[in-house]
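Listed below, chain by chain, are the residues.
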Amino acid sequence: MLTTLQTAYSDTRAADLAWALGREPLPALAVLDLDLAGAKLQMRLLGASHQVLLEEDRGTCSETVACIPGSSTPLPLGVSKRLGAWEYEFAARVETLSEGSFAGRAQELLALVADHPHGLAGTFPGSPHAFTAMLAQRTEGQVRWRTWHAYPQEGQLVVTRTRVGVRMPAVAR
């Protein structure tokens, strides 16, 4: 699903993003509710930010990547945590692209997410390459999502990926 977010694009920066687990739902500009084989997943666009709410028999998980006033947790490169019966893994990276490469990558990502049944993307009025996009899937008992936060004024794209699933036993070698 592709939507135009009804808010002005502000000059937030990739470096201003913070990460948090366990936050209450924040006001969203666009929402997509999914049922992924018994897992209820809500993807929420918060402007240049995202929030994902996961609910399943084993528990709940709330991930927020946003410009959070007063947050002391900057966007980490990686996190691995145990959440009850679940294993939570998060990774983030920042891609810096030339203007031409950025425009091409933005078009490619928006095309990927726009028509995908488990995709949500929001663009900002006045800047065709300013967007936030999310894509979810469930495979092998795990729920996964990827996100892209575009900052065309900096030529930066923040890419995240998350995996939540039952702890897998160690494989003997």
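Higher on the page you've got the structure.
Quick summary incoming for the structure in this document. Bear in mind that the values here come from a model prediction, so they are computed numbers and not experimental data.

## Focus on the pattern of salt bridges
Point 1. Applying the stated criterion to the full structure yields six salt bridges.
Point 2. The closest approach of N and O atoms between Glu95 and Arg93, which form a salt bridge, is 2.6 Å.
Point 3. Across the pair Glu95 and Arg105 runs a salt bridge whose closest N-O atoms are separated by 3.5 Å. A residue pair is termed long-range when its members are at least 10 positions apart, and Glu95 in strand β8 (residues 86-96) and Arg105 in helix α1 (residues 99-114) qualify at 10 residues.

## Observations concerning the sheet that holds strand β5 (residues 50-56)
Point 1. Across the sheet, five strands lie side by side as β2-β6-β5-β4-β3; this open sheet has antiparallel pairing. In this open sheet, the two edge strands, each paired with only one partner strand, are β2 (18-21) and β3 (30-36). Taking each pair of neighbouring strands and ignoring which way they run, the sheet shows an average axis angle of 10°.
Point 2. Examined bridge by bridge, β5 and strand β6 (residues 59-66) share seven bridges and lie antiparallel to one another. Looking across to β6, one finds that Leu54 is bridged to Cys61.

## Side note on the packing of aromatic side chains
Point 1. For the structure on display, the rule yields two aromatic pairs.
Point 2. Between Trp19 and Tyr88, the ring centres sit 6.3 Å apart and the planes meet at 35°, which makes this aromatic pair tilted. One end of the pair, Trp19, is in strand β2; the other, Tyr88, is in strand β8, with 69 residues separating them in the sequence. Here the two residues Trp19 and Tyr88 agree in accessibility, since each one is buried.
Point 3. Site record: aromatic cluster; members linked through ring pairs are Trp19, Tyr88 and Phe90.

## A few points about the sheet that holds strand β10 (residues 127-139)
Point 1. The mixed open sheet is built from seven strands, whose spatial order is β1-β9-β10-β11-β12-β8-β7. Each edge of the open sheet carries a strand with a single partner, namely β1 (2-4) and β7 (78-83). Averaged over all pairs of adjacent strands, the angle between strand axes in this sheet comes to 15°, irrespective of strand direction.
Point 2. The sheet contact formed by strand β9 (residues 119-124) and β10 spans six bridges and is antiparallel. Looking at β10, one finds that Gly119 is bridged to Leu135.
Point 3. Sheet contacts for α1: β1, β8, β9, β10, β11 (142-151) and β12 (156-166); angle to β10, the most-contacted strand, approximately 45°.

Cut-offs and rules
Residues numbered from 1 in each chain as written. Predicted model: local features only at pLDDT ≥ 70, side-chain atom pairs only at ≥ 80, totals over all residues. Heavy atoms only, no water. Salt bridge = Lys/Arg side-chain N within 4 Å of Asp/Glu carboxyl O. Helix = DSSP H or I, 4+ residues; strand = E, 2+ residues; numbered from the N terminus. Pairing = 2+ DSSP bridges. Axes fitted to C-alpha atoms, helices over the stretch in contact; angles between N-to-C directions. Phe/Tyr/Trp six-rings, centres within 6.5 Å; stacked < 30°, edge-to-face > 60°. Buried < 20%, exposed > 50% of the residue type's maximum accessible area, 1.4 Å probe, protein only. Contact = heavy atoms within 4.5 Å.

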